[in-house]
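# Fold and contact review
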Amino acid sequence: MAVMIPVKKRTDDMSNEIERFFEHQDEAVSALFLENKGDELTDILVAALEEAFEILLEAAPAETVH
């Protein structure tokens, strides 16, 4: 279960939009800590790690070079 907060599309610089997204993400994580919902936070982190590993596996070469 991922906690995602949508960011409104603006005509401003894309970096501002990305920065606002991460600020909202930080707020959501902080709220989970304050509400003592460690299990939910752990689930989110595990899902993010699994997704990162899948992306890395897709990007890795098919054969290793020795």
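Notes on the structure in this doc start here. All of these numbers come straight from a predicted model, not from anything done at the bench. (Residues numbered from 1 in each chain as written. Predicted model: local features only at pLDDT ≥ 70, side-chain atom pairs only at ≥ 80, totals over all residues. Heavy atoms only, no water.)

### Some thoughts on the overall build of the chain
- A count of helices and strands for the chain gives 2 helices and 0 strands.
- Within the chain, the fraction of its 66 residues that count as buried is 11%.
- As displayed, the chain offers around 6000 Å² of accessible surface, 61% of which is attributable to carbon and sulfur atoms. (Helix = DSSP H or I, 4+ residues; strand = E, 2+ residues; numbered from the N terminus. Buried < 20%, exposed > 50% of the residue type's maximum accessible area, 1.4 Å probe, protein only. Areas by Shrake-Rupley, 256 points an atom, 1.4 Å probe, with all protein chains shown as cover.)

### So, a nonpolar patch on the surface
- Together, Leu49, Phe53 and Leu56 make up a nonpolar patch on the protein surface, roughly 330 Å² of accessible area in all.
- Mapped onto the fold, Leu49 is located in helix 2 (residues 38–59). (Patch = residues over 30% accessible without salt bridge, like charges linked within 9 Å, V, L, I, M, F, W, Y side chains within 5 Å. Salt bridge = Lys/Arg side-chain N within 4 Å of Asp/Glu carboxyl O.)

### As for a negative patch on the surface
- On the surface, Glu19, Glu23, Asp26 and Glu27 cluster together into a negatively charged patch.
- As for its placement among the helices and strands, Glu23 is situated in helix 1 (residues 14–34).
- The exposure class assigned to Glu23 is partly exposed, which follows from its relative accessible area of 41%. (Lys, Arg positive; Asp, Glu negative; His and termini not counted. Charge placed at Lys NZ, Arg CZ, Asp CG, Glu CD.)

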